[in-house]
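# Chains, contacts and geometry: an overview
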Amino acid sequence: MDDISDARNAQTGYVPNTAPYQDGGGGTAWGSAIVIIPWNMYLFYGDKSILQRHYTNMKKWIEYLDRQRRVLISQPRRYEGDVGGCTHRDQRSRLANGA
């Protein structure tokens, strides 16, 4: 979880498909690990500390997806690929530009 949190863009909340970042794809499901893993660990172990530790990162990712959803709805032909609005070939530039 720490690697995923470290790979996340602190300003936008964007989570790359791999941590540490490597070229490739996988869609929003991979970035959503930042929400899914802590939640499932809490359900399995009943320990709220993992949710407390990663809550800000989880919230930022959901906010990022919400912003991308609005862009995709208002400009549906602007993006191709997954709901995160990021195709496989532009992930590297998105990370480099602080997305």
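Quick note: structure is the one above.
Residues numbered from 1 in each chain as written. Predicted model: local features only at pLDDT ≥ 70, side-chain atom pairs only at ≥ 80, totals over all residues. Heavy atoms only, no water.

### Observations concerning the overall build of the protein chain
Along its length, the protein chain carries five helices and zero strands. For the protein chain, the N- to C-terminal ordering of α and β elements is α-α-α-α-α. Counting every position in the protein chain, which comprises 99 residues, the buried fraction comes to 36%. Within the protein chain, contacts between residues separated by at least 24 positions form 57% of all contacts whose residues are at least 6 apart in sequence. (Helix = DSSP H or I, 4+ residues; strand = E, 2+ residues; numbered from the N terminus. Buried < 20%, exposed > 50% of the residue type's maximum accessible area, 1.4 Å probe, protein only. Contact = heavy atoms within 4.5 Å.)

### Digging into helix α3 (residues 33-45)
The first and last C-alpha atoms of α3 sit 17 Å apart over 13 residues, in line with the 18 Å expected at 1.5 Å per residue. The complete set of buried residues in α3 reads A33, I34 and P38. The buried side chains of α3 occupy one side of the element, clustering within an arc of 115 degrees when seen end-on. Away from its buried face, by an angle of more than 90 degrees, α3 presents the exposed residues L43 and F44. Looking one or two residues beyond α3, the residue adopting positive phi is G46, at roughly 75 degrees. (Expected span 1.5 Å × (residues − 1). Arc of directions from axis to C-beta.)

### A word on the nonpolar core
Membership of the largest hydrophobic core is limited to eight residues, which are I4, Y14, V15, A33, I34, W61, Y64 and L65. Mapped by element, the contributors of at least two residues to this core are α3 and α4 (49-74). Of the residues forming this core, the biggest block, three residues, is contributed by α4. Apart from the residues within four sequence positions on either side, I34 is in contact with M1, I4, S5, R8, V15, N57, M58 and W61. (Core = buried A, V, L, I, M, F, W, Y, C linked by side-chain atoms within 4.5 Å.)

### Things to note about the environment of A7
Summarising the element assignment, A7 is placed in helix α1 (residues 2-7). For the pair A7 and Y21, spaced 14 residues apart in sequence, the C-alpha to C-alpha distance is 6.8 Å. Excluding anything up to four places from it in sequence, A7 contacts P16, T18 and A19.

### Details of the pattern of salt bridges
As enumerated under the stated definition, the model contains two salt bridges in all. Salt-bridge contacts for D2 lead to R53; the nearest nitrogen and oxygen are separated by 2.6 Å. Linking D2 in helix α1 with R53 in helix α4, this pair joins segments that are 51 residues apart in sequence. Looking at D2, the relative accessible area reads 38%, which means it is partly exposed. The partner of R69 in a salt bridge is D66, and the shortest N-O contact between them spans 2.5 Å. Of this pair, R69 and D66 both sit in helix α4, three residues apart, which is roughly one turn of the helix. By relative accessible area, which is 37% here, R69 ends up partly exposed. The exposure class of D66 is partly exposed, given its relative accessible area of 24%. (Salt bridge = Lys/Arg side-chain N within 4 Å of Asp/Glu carboxyl O.)

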